[in-house]
Amino acid sequence: YSALKTLSDTDIQEKYKKYDEINHTEIKHPGFPIWAETFVGHKAPKDFPIILTKNNKEIAKYLKEFRGSKDPTQPNEEGLADELSRAVLNNINKFSEELLPFLLVDEIYLHSIIRGYRDAWRNGKNFDWGGLLDFIQKIIEIQEFWTKEYHEGGFNYRDWVISEIASLVDDGAKKEKHSFDDSLNNSAKTILFKLAEKTTTPLFKSTDIISAVLNSVKGSIYSALMSLSLKIARIKKDETNKWDGDIQNFFLDQLEEPSEELLVVLGENLLLINYMNNEWLKNNLDKILRKDKEELWNLAITGYFYYTIRLDKNIYPLLVERGDYEKAVYTKLKSKSANERV
């Protein structure tokens, strides 16, 4: 009767009224036995642009108090987080003035703030890296950040924050002409070591190990440490050993019980390690390319071949002498692209 109530039929109008009194819930699409709707993205609250005119303490208070709807057509936390990230990108100086009020907002918003900084950096904007790294250091010193439990089926926003921090440092260290000040190298190193120590997230298995590591939490941390190593090596360009001693020792300790992510990232960076410290590589190559454990060898050599686009006059003779090239010819590596490179 809901589908017909616009008609001027008396019988229909009476029956509609009768049943509407029993249950007056509005039927949104009467007359359709099946109705499907698809929503792309999330909605942010309409008043958020107004909130942005407030100071950072008031913005942080708004973030902590906001409660979104479970209805995908209504404003929710995900929509607010997306809008927050864009706000940081477009108002980087405003947010940089005072970051501490955001210290206790939910992880979904911490992720958005850090992502906004990373987007700003990628767009060529400059900001106070020192203040940002201090803010990040305070985040990862909060005990609840590491002990908070996430319900099964929900998003683990702690992992999102960790990966975003690692990617931010990676981007900030990677390019020689666009990197944070050398005086902050130790701060960045301390943060990455802390993340590596506390992170226990297992590798999510996929058909391609390279994609899995690239999108993993630990993989992002190890990659950031290699980019930071290169940044520091540029300062020591005239020295024989250009590799930061703390990072050398960190990776050496990790090789005692290597993870899949570690071996792929070290295999990827054999040329860089050779450039930074040729002797270290020669002395520890057997720990990276493990002849005694086929599975572990495959991980590292896959990382090497996937990312190596040319023969290197220093690395190539080492691997030929060890038999790694010959073995790779007859081995199904963990990436089709790596096998094609062989």
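The rules we used
Residues numbered from 1 in each chain as written. Predicted model: local features only at pLDDT ≥ 70, side-chain atom pairs only at ≥ 80, totals over all residues. Heavy atoms only, no water. Salt bridge = Lys/Arg side-chain N within 4 Å of Asp/Glu carboxyl O. Helix = DSSP H or I, 4+ residues; strand = E, 2+ residues; numbered from the N terminus. Buried < 20%, exposed > 50% of the residue type's maximum accessible area, 1.4 Å probe, protein only. Patch = residues over 30% accessible without salt bridge, like charges linked within 9 Å, V, L, I, M, F, W, Y side chains within 5 Å. Areas by Shrake-Rupley, 256 points an atom, 1.4 Å probe, with all protein chains shown as cover. Contact = heavy atoms within 4.5 Å. Phe/Tyr/Trp six-rings, centres within 6.5 Å; stacked < 30°, edge-to-face > 60°. Axes fitted to C-alpha atoms, helices over the stretch in contact; angles between N-to-C directions. Parallel < 35°, antiparallel > 145°, perpendicular 65-115°, else oblique. Left-handed = near helix turned anticlockwise from the far one by under 90°. Core = buried A, V, L, I, M, F, W, Y, C linked by side-chain atoms within 4.5 Å.

Chemist: What is the right way to look at the pattern of salt bridges in this model?
Modeler: Side chains bearing opposite charge may pair, as long as their charged atoms lie close to each other. What the rule picks out here adds up to 18 salt bridges. Between Lys 15 and Asp 11 there is a salt bridge; the shortest N-O distance is 3.1 Å. Remark: Asp 11 and Lys 15 occur in helix 1 (residues 10–22); sequence separation between them is four residues, near one turn of the helix. Classification of Lys 15 by relative accessible area gives partly exposed; the value is 29%. On the accessibility criterion, Asp 11 (43% relative accessible area) is partly exposed. A salt bridge links Lys 174 to Asp 170, with the shortest nitrogen-to-oxygen separation between them at 3.7 Å. Here the residue Lys 174 and the residue Asp 170 both occupy positions in helix 9 (residues 157–174), the gap between them amounting to four residues, near one helical turn. A relative accessible area of 43% means that Lys 174 is categorised as partly exposed. The class for Asp 170 is buried, based on a relative accessible area of 11%. Put simply, Arg 118, Arg 122, Glu 164 and Asp 171 are held in one network by salt bridges that share partners.

Chemist: When you look at a nonpolar patch on the surface in this model, what are you seeing that I'm missing?
Modeler: Taken together, Tyr 1, Tyr 19 and Ile 22 make up a surface patch of nonpolar side chains, about 350 Å² in accessible area. Along the chain, the position of Tyr 19 falls in helix 1. Residue classification places Tyr 19 among the partly exposed positions, given a relative accessible area of 41%.

Chemist: For this particular structure, what's the right way to read helix 14 (residues 260–268)?
Modeler: Counting buried positions over the nine residues of helix 14 gives seven, a clear majority of the element. All buried positions along helix 14 are accounted for by Glu 261, Leu 262, Leu 263, Val 264, Val 265, Leu 266 and Gly 267. Along its buried surface, helix 14 packs onto helix 11 (209–214), helix 12 (217–235), helix 13 (245–254), helix 15 (270–276), helix 16 (278–288) and helix 17 (294–307).

Chemist: I keep staring at the packing of aromatic side chains and nothing clicks. Help me out?
Modeler: Between two aromatic rings, the relevant description is the distance of the centres plus the angle of the planes. Taken as a whole and assessed by the stated rule, the structure comprises 25 aromatic pairs. A centroid spacing of 5.2 Å and a plane angle of 25° characterise the contact between Phe 193 and Phe 250, whose relative ring orientation is stacked. Of this pair, Phe 193 sits in helix 10 (residues 185–198) while Phe 250 sits in helix 13, placing them 57 residues apart in sequence. The exposure class of Phe 193 is partly exposed, given its relative accessible area of 21%.

Chemist: Looking at this structure, how should I read the packing of helix 7 (residues 129–141) against helix 9?
Modeler: The axes of two packed helices give the description: the angle between them and the distance between them. Contact geometry for helix 7 and helix 9: axes closest at 12 Å, N-to-C directions at 155°. Taken together, the axes of helix 7 and helix 9 are roughly antiparallel relative to one another. For the element pair helix 7 and helix 9, the recorded crossing hand is left-handed. Here Trp 129, Leu 132, Ile 136 and Ile 140 of helix 7 come into contact with helix 9, specifically with Ile 165, Leu 168 and Gly 172.

Chemist: Help me understand the side chain of Asn 274, please; the structure alone is not making it clear to me.
Modeler: Relative to the helices and strands, Asn 274 is located in helix 15. We classify Asn 274 as buried; its relative accessible area is 8%. Non-local contacts of Asn 274, meaning those with residues more than four positions away in its chain, are made with Leu 281, Asp 312, Asn 314 and Ile 315.

Chemist: How should the nonpolar core be read in this particular structure?
Modeler: Grouped burial of nonpolar side chains is what soluble globular proteins tend to show. One finds Leu 63, Phe 102, Tyr 109, Tyr 117, Trp 129, Leu 195 and Phe 251 to be the most contacted residues of the largest nonpolar core, which totals 98 residues. Non-local contacts of Leu 195, meaning those with residues more than four positions away in its chain, are made with Ile 140, Trp 146, Ile 162, Ile 165 and Ile 221.

Chemist: How should I be thinking about the environment of Gln 13 in this particular structure?
Modeler: By the secondary structure assignment, Gln 13 is in helix 1. Spatially, the C-alpha atoms of Gln 13 and Gly 267 are 76 Å apart, while their sequence positions differ by 254 residues. In this view, Gln 13 contacts Lys 5 and Leu 7; residues no more than four positions away in its chain are not counted.

Chemist: Any chance you could explain the environment of Thr 240 here in plain terms?
Modeler: With respect to the helices, strands and loops of the structure, Thr 240 is situated in the loop between helix 12 and helix 13. Residue Thr 240 is classed as exposed on the basis of its relative accessible area of 73%. Separated by 38 residues in the primary sequence, Thr 240 and Asn 278 have C-alpha atoms spaced 8.4 Å apart.

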